Structure formats: C-alpha cells, structure tokens
Amino acid sequence: MRRVVAAAVGLLAMLGARPSWGGGLEPVRLPDGSALPAVEFDRHVASLFGRLGCNAGSCHGAFQGRGGLNLSLFGADPARDFQAITRRASGRRVNVLDPDRSLVLLKATGQVPHEGGQRFAPGSWEYRVIRAWIAGGAPRDPARPAPRAIAIRPAESRLERPGATGRLAVVARFADDTEADVTAFCDLRVRDTEVADVTNTGVIRGLRPGDTAVVAAYNGLDAAARVLIPTGRTVRVPDVPASDLIDREVYAKLRALGIEPSGPAEDAEFLRRITLDVIGTLPTPGEVRAFLADGSCDKRSRTIDRLLAHPMHAALWATRYLDITGCNADAMEGPPELHSGRARLWHDWFRARFAANMPYDRIARGVLCATSRDGRDARAWVRREAEHNRRLRDGGETDYADRPWLDFFWRRLVNGEASPVEPLAERVATTFLGIRIECAQCHKHPFDRWTQADYRSFANIVADVQFGLTPDSLAAVGALLDERRKADPKGVLPPIPRLREVYLSPRSSRRLADPDTGRPLAPRALGGPELPDGGDLRERLFDWLAAPDNPYFARSFVNRVWAVYFGAGLVDPVDGFSVTNPPSNPRLLDALAADFVAHGYDIRRLERLILNSRAYQRSSQPVAGNLDDRGNFARSLPRPLMAEVLVDAINAALDVPGDFGPDAPKGSRAIEIATNRVVSPDLARAFRAFGRPERAAICDCERPKAPALPQTLFLMTDEALLARLKSGRVGALAGSDRCDPEAVEELFLAALSRPPSEDEARSALDHLRTSPDRTSGLADVLWALINTREFVLNH
C-alpha cells in the first residue's frame, strides 16, 4: 500500500495536479500582512528552505546532509532540489494526501527528532507556505521565468541614531523583466553584528554608531546594501579641495556618520609610523632628533619622498609579494638545498621592479603570462638553465631578476607532481583580482555569484600551462648530456640537474568540463568575456584585466596598498572582493582606482598620494565619538607589525646587526630573507612567534591580525634576545660618558621614537640608581620598552 501511495504522490507531483480531495486553498499571509496568492516551488519553497538552512531534511544548514537529502546551497538550484524533495526516498518527504505528515515539515518543526533541531514552528507562516505547496500537489513549473538579479532597496539606508529602525526590501528581477518583492524568502544578514541587526522581514535596527552592509541571498543570487547609523552629533570636519580625492571622500563619510576625526599625528608619531610602513624598521635616534628639530613646513612630504626612494622600500614590497604570489619552498622542484636560492631569486625579481617603480600592469603581466624560455630555442634554453643551476648551487649571482618573466609562479609541485589546474587558477584569482573562488570548486559559492561552471571556465584559461619538458627540450638535454660524457669521461664535473620548464601545450588534457553536462567549457574571465581559444589565453586574460574599466584589477591592487598603510583594506580582507563584501567607502575606492589607471599604474605615485593624505597622517589618539570606529579612518588604528619588520625593529632598537646564520649574509635585514623555511633556529623561533606565514594557503589569511601570547612570551623570555640586550646600544651607552638622563632618552628614542615623559624618565632613572651596575640597569630599561604594546604595534 505504501508503494502505491508513494507512486500516486509522485504522479501528482509530476503532472502538477491538485488532488481532488484538496479543496480550495486560501492565500498564505506573509509576515508583513500581504497575501501570497499562489505558492511556487522555485520562487518560494526552494528559497525558503535555503533561508532556513533546512538542507538535507535534517535542517542543519549543510549543503550536503544526512538522510540522503542533498539540497543546493541557499536554494541555488531549484530544479535539483525539487527532484531531491519529491522524487527520492520513495516520495515520503512530501505527502500530498496528508500534507501535515510530510517529513520535510515534521523534521523542520521538530516533531520528528533530528540533529538540526526545530527550524520553524507548526502553523508559522513558513510552515503554511510549504504546506500550501504540498497540499496543491507539490508542483513545479520549469517554464516560469527564473530570477536574474536581486537588489536591496534602498541601496543605502541612514537611520537617525542607535536604536532607530528602518525597513529594507529585496526585489528580484526575473527573466521576463517582471519584479517581485522576495524579502521574506531571502537569507538576510549584517556583516558587522555589533553595528546593526536585521530581521527576516527586512527590519534593520541600529545598535551603535557606525556603518555596515546588509547582505541578501535568494535562489543563488546575492546583493548588498549599506546601512549608516550616525552618532547624532554635529562634528567639525574641515573642507578640503575637490582635487584631494582621499580626504574628500573620507571626510564626506565621517560627516555623514557624525564621527569627528582625530587631529594630526605629532611629529614623532608620524615619523615612527611612516618609517615602519615604508622601509620596515625604526628611525634612528639621530633621525628622530633631526625631524623634531626641523621647522620647515614640507618636512613630512620630503621624508615621504626620501623613504619611498630607500632601497629597503623595494625589499619590503618584494617580501609582501612573496606572500601574495605564494613563494613556498616546500612546493619547489629540485634538490632542497636549492630552494632557498630560488626563493631569493623570486624576491630579487620583485625587488628590482619595485625599486625601478615599474608600472603595476607590467609587473603583473610578467607574472601572469610567464614561460621559461624567454624566446630561446630549446638548445639555448637548456644550456642557460644548466649554467643557472650551477651558479645557484655554488651561491653565485644569476640573471634571473633581469628576466622578463617570473616563471617560478607556475613552477609548483603538489605531492611531487606538477600542480593541478585548480590551485593555479585560485592563485591567479586572489593575486590579480582579489577574489577567493575556492568555494565554487565543489558547489555554488555561498557568498558570491560564482558557480562551479564559472570556476571551471576560469581555470581553463590556465589549463594549457604545463610544467615539465617539451620533446625538443628533452632532446636538447640529451644532446647536452652526450657532450658532457665526451668532454668529461671520468665524471669529474658535477651532474646536470634535472631541468623543467613552464610552457604551453595547445593539446592540453587538463581542461575542465561542465560539472552537470560533462561538456567542454569555454575559457572565461570571472565576470568577464569568453576568451577566444588558441595561443596563450593568459595574454587575453591580461588584456581584459588591464582594460581601464576592469572591475577588479586596479581596485584589487589599490586596496592592497591601502591595507598596508591603514591596517585594513577598503575591502577587507584584501582578497575578499565579492558581492556580499562591499567596500567600506566605494566612492574612495573607485576614485583611487581611476586615478591609478589614469596615471599608468604608477605605484610610487599612488603611495605618495596615500601617505600625504590627512587620513594617513591622523593621530592614533581617539577623540570623543571615534574610539569604536574601525572602517572609516577617523583615527590611525594600532596594528601589528609583520614578523620580519618586528625582528628588524628589535635589532634596530638594540643596535645590533642582523645575524641570521646561513639564511642571509651578516648585516642583512629580516625583510630581505625570502625563503619560508629558514635554517637559523633563533630566526625560525622568532618568525614562528611573530606569525610569519607558511605561504601554503591560497588566501591573505596567514598573518595574525593582533599580537598573541607567543609573541609576548618570546619578547620576555627568549634566551637569544636576552643575551643580545647588553651588547650594541646598551653596551655603548654603559661605556660612554653620557649621563643617565641622556642614556634613558636615547633608549626611548631608539625603541619608541620619542623622548620619555617626565614620569617615564623618573621611573627609569630610579631603576638605574638601584641596579647593581649601569649595564644591567640600561638593559632592563630597554627590555621593558620592547615589551610594551607601543613597541610591537604601529600606530
């Protein structure tokens, strides 16, 4: 009998027929009081399951659940969801004969125990919607126009004050250009739950002054809108010229929120901040004294220009780009003893370009479109690579930094084999577009528009890139080996290392197919055009990226630079560009990106623009009303130092040269160390404590965002650090004829880039008087200074 009923239910659902015993159905009332005259599966039921997280019948919010019911994430694939609900499990999930006995209702309301718990109550409006659909025969009309886009209206809401409320509506536009309010069927969230909250009916409530984004998801579509909660104060925000594009937009946002900006940073604070940010170390006591004594009105702009031209500026940017492009010794080919050298060449390649202020688009093309031969034939390339590897093994200089291409970006191994297409494509997306697409590899991206087909189409752009040896290169290697055997019959010369190259294979078998149909997918840029096949598809991708109207390329880099100097991006995280993560100040990001493109992707000019702004030069000291501001740049927010910069800052405060053992020549800076696998145990311990990344993850997520306990313990107890405290600066001061007040001031200038306050000087001098000897007393003072938050943070 059960099989007969199940078959009948399936037949009714298939035909879309209403059972004769169903009678008339009254319209369902939605939470806002409006009537839903007809319940449709795609527009209402599938999206409702997605909003409630009722996937898999167990309703615990996973896209693949228990009990065999696997629904698409957030209702992104209604057709597949319909099949799962009505056709599988012998049709027991819906019961058109007795809708209230349907498993999808019994489990969701908690009447049948399951892991997900109750998702809605019997008799609730959600219950009535789903029940009405079941009672109507559980139909689906595949011919109904599908939604093409959703939008939140208004696009920006301004509440009067904290505690005030407003209402948002989510409107879907369908394929036939009709629109419908779908607010009740959306998943609604706020990005910053400390600033506001939102109900499922679109009521937004301000919690504290600030701004955030409200995000809506409906049938695989996403939208976002901004919500501002002003303080209610009238604030003093200066007027700036329209040409001052940074402060113009920052002040406009602060004025709208009623947040007063802090004043300018004092000279000592500014000098410390910009020196750490631009060249990755502390200013010397002499530099601090000279800057404080300089009375000229242009001293800050001159200091900015001097630091941007400093050789360590390029070294610091090169280190940042080793993180961004994933320089990981563990993924390199060849003998391990060459990995550190290869990482150094990777660093040298970027350093040379940042030092020359090469336009960003040219740097990007040198990475994205790289191959190994540089136009050479196989024989010439093999000879050059053999000599290159010999010099690298012997510690000599090579010409790699002068080469036009960074082929290391593509020379990655996974479990000893050439990297699959997928991680290469993901790395390209994060590096050049600021987009994380890895979630779309297995299912529709939960917080962005990318589907599995989008992911695979994009990956096919790089599918023809191979890492190995072409037949002609293999023949050239054989010829070189024959020559070597004839010239060196006794085998005295070192062997020729195994050679591999990055090359294009037009007959690649690495292309990915459509996950649903198995058919070939044409290469396509993310959110961009289909790329015509043939030749190097990466060149066509680059042409699209470098177009002035590209939505990602310039914005992504501008955002990274902003994050370096402010501690957070306008889009944060910096590789988190998505529909559901809008910029905190979109007008500012657009203006900066347009200016960057208009001036030929001039990196130095962009940095100068940011560093000379009032927003960058603002004090870190809060004023009334801006203490809690995080994303509007009302003040300079304290931020942690990179591990390498903190190591260099410690050495600068102690006035001891960098001694990193076999990892770098003595006197080198930590920001010049390229490899992520250092040999020196002291340096490895410091890097681990301060959070230097492994460069294994394909995201900007490995460096810590705040100081942690291991860092504190290291600074307090590390034996190698404590042993160096009495040398360098402390030893020189202890043996000098400088009086104690002068010595204390020198230590403060060296560590904190400012003179001590009266109380601080008194405490330090009291300690010196009670110390067993001057050296120990001065070492104690310096130890105390490097253990302050003021030292380990930039502010």
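We now turn to the structure provided with this report. None of the values given here were measured: they were computed from a predicted structure.

Each helix and strand counted, the protein has 29 helices and 18 strands in total. Each principal axis of the C-alpha distribution contributes one length, and for the protein these read about 105 × 80 × 50 Å. A burial count over the protein gives 54% of its 795 residues as buried. Taking all contacts inside the protein whose residues are at least 6 apart in sequence as the whole, residues at least 24 apart take part in 67%. Total accessible area computed for the protein in this model is approximately 33900 Å², and 53% of it derives from carbon and sulfur atoms. Each charge class in the protein was averaged separately, 107 positive and 103 negative side chains, and the resulting centres sit 4 Å apart.

To continue, consider the state of the cysteines. Under the defined criterion, the tally for this structure stands at one disulfide. Bridging C699 to C701, the disulfide has an S-S length of 1.7 Å. Left without a disulfide partner, C442 is nearest to the cysteine sulfur of C439, which lies 8.9 Å away.

For T675, the location among the structural elements is in the loop between helix 21 (643-654) and helix 22 (681-690). Note on T675: relative accessible area 3%, which makes it buried. Of note is the side chain of T675, whose polar atom sits 3.0 Å from the backbone nitrogen of R677. Beyond its immediate sequence surroundings of up to four residues, T675 is in contact with A329, S340, A343, R692 and R695.

Before going further, it helps to spend a moment on the side chain of K444. The residue K444 is located in the loop between helix 14 (421-433) and helix 15 (452-459) in this model. A polar side-chain atom of K444 sits 3.0 Å from the main-chain carbonyl oxygen of G220. Within the structure, the side chain of K444 is placed 3.0 Å from the side chain of D222, a separation counted as a polar contact. With residues up to four places along the chain from it excluded, the contact list for K444 reads L73, A76, G220, D222, R449, W450 and T451.

Attention now moves to the sheet that holds strand 11 (residues 210-218). Here we have four strands laid out as an open sheet, ordered 4-12-11-8, and mixed in their pairing. A single partner strand is all that each edge strand has here, and the edge strands are strand 4 (156-158) and strand 8 (187-190). Between one strand axis and the next, the sheet turns by 20 degrees as a mean value, whatever way the strands run.

In this structure, R436 sits in the loop between helix 14 and helix 15. A relative accessible area of 25% means that R436 is categorised as partly exposed. Expressed as a C-alpha distance, the spacing of R436 and G576, which sit 140 residues apart in the sequence, is 6.3 Å. Once residues within four sequence positions are removed from consideration, R436 is found in contact with T430, H445, P573, D575, C699, D700 and C701. Side-chain polar atoms of R436 contact the side chain of D575, separated by 2.9 Å.

Pairs can form between side chains of opposite charge whenever their charged atoms are close. For the structure shown, the criterion picks out 73 salt bridges. The closest approach of N and O atoms between E746 and R289, which form a salt bridge, is 2.8 Å. With E746 in helix 26 (residues 740-752) and R289 in helix 8 (residues 285-293), the pair connects residues that are 457 residues apart, well separated along the chain. Among the residues examined, R289 registers a relative accessible area of 32% and is labelled partly exposed.

Moving on to helix 11 (residues 339-355). When the terminal C-alpha atoms of helix 11 are compared, their 24 Å separation across 17 residues agrees well with the 24 Å that a helix rising 1.5 Å per residue should span. When you tally the buried positions in helix 11, you get twelve out of 17 residues, the bulk of the element. H339, G341, R342, A343, L345, W346, H347, W349, F350, R351, R353 and F354 are the residues of helix 11 that are buried. Those residues of helix 11 that are buried are in contact with helix 10 (311-325), helix 12 (360-368), helix 13 (378-394) and helix 20 (603-611). Downstream of helix 11 by a residue or two, N357 has a phi angle that is positive, lying close to 55 degrees.

What follows deals with the packing of helix 18 (residues 553-566) against helix 19 (residues 586-598). Here helix 18 crosses helix 19 at 110 degrees, and the two axes come no closer than 9 Å. Comparing their axes, helix 19 and helix 18 come out roughly perpendicular. Contact residues: A554, R555, F557, V558, N559 and W562 in helix 18; L588, L589, D590, L592, A593, F596 and V597 in helix 19. Across the contact of helix 18 with helix 19, the residue classes break down as ten nonpolar, one polar and two charged.

Moving on, we get to the environment of V28. Relative to the helices and strands, V28 resides in strand 1 (residues 28-29). Separated by 103 residues in the primary sequence, V28 and R131 place their C-alpha atoms 9.9 Å from one another. Leaving out residues up to four positions away in the same chain, V28 has contacts with S34, A35, L36, V39, W125, R128, V129 and A132.

In this structure, F350, F432 and F791 are the most contacted members of the largest nonpolar core, which totals 166 residues. Contact partners of F432, with chain neighbours within four places excluded, come to Y360, A364, V367, L368, F409, L545, Y552, F553 and S556. In this structure, L30, F120, V198 and V214 belong to the second largest nonpolar core, which totals 55 residues.

Another aspect to go through is the pairing of strand 10 (residues 203-206). Every second residue of strand 10 is oriented toward a common face, the buried set being I204 and G206 and the non-buried set V203 and R205. Examined bridge by bridge, strand 5 (residues 165-167) and strand 10 share three bridges and lie antiparallel to one another. Note that in strand 10 the partner of R167 across the bridge is V203. Relative to strand 10, strand 9 (residues 196-198) runs antiparallel, the two sharing three bridges. Among the inter-strand pairings, D197 is bridged to a residue of strand 10, identified as R205.

The rules we used
Residues numbered from 1 in each chain as written. Predicted model: local features only at pLDDT ≥ 70, side-chain atom pairs only at ≥ 80, totals over all residues. Heavy atoms only, no water. Helix = DSSP H or I, 4+ residues; strand = E, 2+ residues; numbered from the N terminus. Buried < 20%, exposed > 50% of the residue type's maximum accessible area, 1.4 Å probe, protein only. Contact = heavy atoms within 4.5 Å. Areas by Shrake-Rupley, 256 points an atom, 1.4 Å probe, with all protein chains shown as cover. Lys, Arg positive; Asp, Glu negative; His and termini not counted. Charge placed at Lys NZ, Arg CZ, Asp CG, Glu CD. Disulfide = S-S within 2.5 Å. Polar contact = N/O pair within 3.5 Å; in protein donor to acceptor, adjacent residues only side chain to side chain. Pairing = 2+ DSSP bridges. Axes fitted to C-alpha atoms, helices over the stretch in contact; angles between N-to-C directions. Salt bridge = Lys/Arg side-chain N within 4 Å of Asp/Glu carboxyl O. Expected span 1.5 Å × (residues − 1). Parallel < 35°, antiparallel > 145°, perpendicular 65-115°, else oblique. Nonpolar A, V, L, I, M, F, W, Y, C, P; charged D, E, K, R; others polar. Core = buried A, V, L, I, M, F, W, Y, C linked by side-chain atoms within 4.5 Å.

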